[in-house]
Each structure stands twice: as structure tokens, then as C-alpha cells.
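Overview (structure and organization)
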Amino acid sequence: MESGLDIHTARALLEWQIELGVTEAIGDAPVDRYALPDTGPKSKKPTAKPATPVKSESLDAALVAQQAATSAGTLSDLRAAMEAFDLCELKRGARQLVFADGTPCSPVMIIGEAPGRGEDREGKPFVGRAGQLLDRMLAAIDLNRTKNVYITNVLPWRPPQNRDPKPEEIGMMGPFLERHVALAKPKVLVVMGNISCQAVLGKRGITRLRGQWNQAFDLPVLPMFHPAYLLRQPQMKKQAWADLLELKSWLRTDK
Ligand code: URA
């Protein structure tokens, strides 16, 4: 991020500004107020501006995203708000928004990384080889998109050449993801791979995190290896199986 802030600090600053009543981003360019010359004691005259201007374009975009996400009252409102959101560069290179698949209000919500080529073409998450593996993994514990699983991604647009999402893209789209979870009302989140762990938990290191319960958005969160990783490293399927059994046991004991 240009300002040198990490995403979580930036998000916290943003939420703080919204709490203070900031309703719009002012100024096209960021202003570094620490670099301005000292003009002596401040005038007592009240200023008309609502609060400190946001410091970077990413923060401006995240503020717009936050407002759009907050005002969505249903999943279809949220999809429309995301379709209308023009501040993420990825939108320009993608064919379409990939919003979600599966059954809203299912007990389990899976959060992947970002659409690939097939998802970009079909407009649905996890439709390629990784998605087929994901479906087989879920079926092994009696989970199915048509019945009891809802699936989305951290980012709704395909990154060019399937490159890793940038931190500012993850931060900017974070308010939509958070609102998506609130509106889909799962009982548990499964975050697949490092990007998803970073976006939801603010942590990376999937090898260490997988299979360990965490908490985010007021929900239990289980990190797992991404199915695309399991296709490249099939020997890790043993751990993935253990994590699926952990999820199954959690679902069985959940009241
Ligand atoms: N990988 C993901 O993380 N999401 C998709 O939708 C497809 C592949």
C-alpha cells in the first residue's frame, strides 16, 4: 500500500473514520499532512470538512466498498453492488463477476482465492480441476453445493494470468467479503489457502494454520489446503482428509 500501512491497519483506520461519520472520500489525490509546513496555532474557526481526508486511493476505494457493502440488504443487492463497483483494476481485465455458487444459508461457507480462466468464463467459482477436486472432497463428508455448501472467493474477478491477488485488492474487496458472509449466514467458514487465510484471518502460513480452529466475523473458521495445491502436492491429501473429518465432526456436534 502506498502509505506504508498494512491492510489491517488501513481497514481499522477506515472503520474508525466511518464510525466518526465520514460519508464520502474527498480529494482526488492523497495528502500527506505530516509533510505540510507548520502554519502555527490553528484558527479556532470551525472547519466545514467532515474529518481528516483518507490517505490513499486504496483507502478511498475501500471506503466506497464499505459503504456499498453495508447498504446491501440481500445477496442479490450485494451482487449488484459488486457489479457496480468500478474501483478495482481487476474488473477491467475480467470477463465477468464471479459472485458465488451453492446454497445460501448453508451451514458451511467455503472461501477460495480468486477465479481462474474457467470460472471467469462460466461466472461460477471452482468449476475447473481444483473445483472438481473440491466437490469430491466435500462429497466425502456429505457436503454438496446443491444442498448444504455455499462457495465464494476473496476476489470476484480473475487476476491477469492468474497472478496472486495484491494486498490492496484484498483490502479493497474485504468489506464485500465480510458482508457476503453476514448475508449468507453460514455456521462455519472454511478458508482455502494462504490468500483466503490472509483475507479472513489476517495471517499466512497455511501449513501451520491448517486444521486449527480460528475465529473471524463472529464465526468459527477452519483453514485448509487449497485444492489447487493438493493437485500439485497429492501427498498432502492426507492432511486435507484429516481437516475434512474435523469439519464433519464439528458439524455433527453443532447444535
Ligand atoms: N481457485 C479459487 O480459489 N477459486 C476459484 O473459484 C477457482 C480456483
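As the structure is a prediction and not an experimental result, all values here were calculated from the model.

1. Description of the environment of Phe-217
Relative to the assigned elements, Phe-217 resides in the loop between strand S5 (214–216) and strand S6 (219–224). In this structure the C-alpha to C-alpha distance between Phe-217 and Ala-182, which are 35 residues apart in sequence, comes to 7.9 Å. With near-sequence residues (within four places) excluded, Phe-217 lies in contact with Glu-178, Val-181, Leu-189 and Val-200.

2. Re the environment of Glu-246
Position of Glu-246 relative to the elements: it lies in helix H11 (residues 237–253). As a C-alpha pair, Glu-246 and Trp-213 span 33 residues in sequence and 9.6 Å in three-dimensional space. Ignoring anything within four residues of it in the chain, the contact list for Glu-246 reads Trp-213 and Leu-222.

3. With respect to the packing of helix H2 (residues 57–70) against helix H7 (residues 167–184)
At a minimum axis distance of 8 Å, the contact between H2 and H7 shows a crossing angle of 10 degrees. In terms of orientation, H2 and H7 fall into the roughly parallel class. Facing H2, whose interface residues are Ser-58, Ala-61, Ala-62, Ala-65, Gln-66, Ala-68, Ala-69 and Thr-70, H7 presents Glu-168, Gly-171, Met-172, Pro-175, Phe-176 and Arg-179. The class makeup of the residues in the contact of H2 with H7 is eight nonpolar, four polar and two charged.

4. Remarks on the nonpolar core
In terms of nonpolar packing, the biggest core is built from 64 residues, with Phe-85, Ile-110, Phe-176 and Val-200 touching the most fellow members. Tallying contributions element by element places H7 first for this core, with eight residues.

5. What to know about the pattern of salt bridges
A side chain of one charge can pair with a side chain of the opposite charge when the charged atoms of the two come close. All chains considered together, the criterion is met by eight salt bridges. Arg-145 serves as the salt-bridge partner of Asp-101, at 2.9 Å between the closest nitrogen and oxygen. Pair noted here: Asp-101 is in strand S1 (residues 101–102) and Arg-145 is in the loop between helix H6 (129–139) and strand S3 (149–153), with a separation of 44 residues, a long-range link. Of the two residues, Asp-101 and Arg-145, neither departs from the other in class, the shared state being buried. The salt bridge partner of Asp-135 is Arg-145, with a shortest N-O separation of 2.9 Å. Linking Asp-135 in helix H6 with Arg-145 in the loop between H6 and S3, this pair joins segments that are 10 residues apart in sequence.

6. Focus on the site of the ligand
Close to the ligand lie Gly-112, Glu-113, Ala-114, Glu-119, Pro-125, Phe-126, Asn-153 and His-226. When the free accessible area of the ligand is taken as 240 Å², the share hidden by the protein chains comes to 91%. The residue makeup of the shell around the ligand, split by class, is three nonpolar, three polar and two charged.

7. Side note on H2
Turn by turn, an α-helix covers 3.6 residues, leaving residues three or four places apart pointing in a common direction. For H2, with 14 residues, the first-to-last C-alpha span of 20 Å sits near the 20 Å given by 1.5 Å per residue. Buried within H2 we find Ser-58, Leu-59, Asp-60, Ala-61, Ala-62, Leu-63, Ala-65, Gln-66 and Ala-69.

8. Some details on H6
Residues of H6 that are buried include every one of Ala-130, Gly-131, Leu-133, Leu-134, Met-137 and Leu-138, and no others. Seen from one end, H6 has its buried residues packed into an arc of 160 degrees, which puts them on one side. Exposed residues on H6 whose side chains face more than 90 degrees from its buried face are Arg-129 and Arg-136. Residues of H6 that are buried in the fold lie against strand S2 (108–112), S3, strand S4 (188–192), S6, helix H10 (227–232) and H11.

9. Details of the sheet that holds S5
The mixed open sheet is built from six strands, whose spatial order is S1-S3-S2-S4-S6-S5. The open sheet has two free edges, formed respectively by S1 and S5, since each of these has just one partner strand. When S2 meets S4, the two strands line up parallel, connected through four bridges. Residue pairing in the sheet places Ile-110 in a bridge with Val-190 of S4. Docked against the sheet, helix H8 (residues 193–201) engages S2, S4, S5 and S6, running at close to 135 degrees with respect to S4.

10. Focus: the confidence of the model for the chain
The pLDDT averaged across the chain works out to 87; a share of 78% of its residues lies at or above 70. Here residues 40–55 is modelled with pLDDT under 50, and outside its nearest four sequence neighbours on either side it reaches 12 contacts, counting other chains as well.

11. Focus: the environment of Pro-223
Within the secondary structure, Pro-223 sits in strand S6. By relative accessible area, which is 0% here, Pro-223 ends up buried. Distance in space between the C-alpha atoms of Pro-223 and Thr-207 is 9.4 Å, their sequence separation being 16 residues. Discounting residues that sit within four places of it in the chain, Pro-223 has contacts with Val-191, Cys-197, Leu-201, Ile-206, Leu-209, Arg-210, Gly-211, Gln-212, Asn-214 and Asp-243.

Cut-off values and rules
Residues numbered from 1 in each chain as written. Predicted model: local features only at pLDDT ≥ 70, side-chain atom pairs only at ≥ 80, totals over all residues. Heavy atoms only, no water. Helix = DSSP H or I, 4+ residues; strand = E, 2+ residues; numbered from the N terminus. Contact = heavy atoms within 4.5 Å. Axes fitted to C-alpha atoms, helices over the stretch in contact; angles between N-to-C directions. Parallel < 35°, antiparallel > 145°, perpendicular 65-115°, else oblique. Nonpolar A, V, L, I, M, F, W, Y, C, P; charged D, E, K, R; others polar. Core = buried A, V, L, I, M, F, W, Y, C linked by side-chain atoms within 4.5 Å. Buried < 20%, exposed > 50% of the residue type's maximum accessible area, 1.4 Å probe, protein only. Salt bridge = Lys/Arg side-chain N within 4 Å of Asp/Glu carboxyl O. Near = heavy atom within 4 Å. Areas by Shrake-Rupley, 256 points an atom, 1.4 Å probe, with all protein chains shown as cover. Expected span 1.5 Å × (residues − 1). Arc of directions from axis to C-beta. Pairing = 2+ DSSP bridges. pLDDT = per-residue confidence, 0-100.

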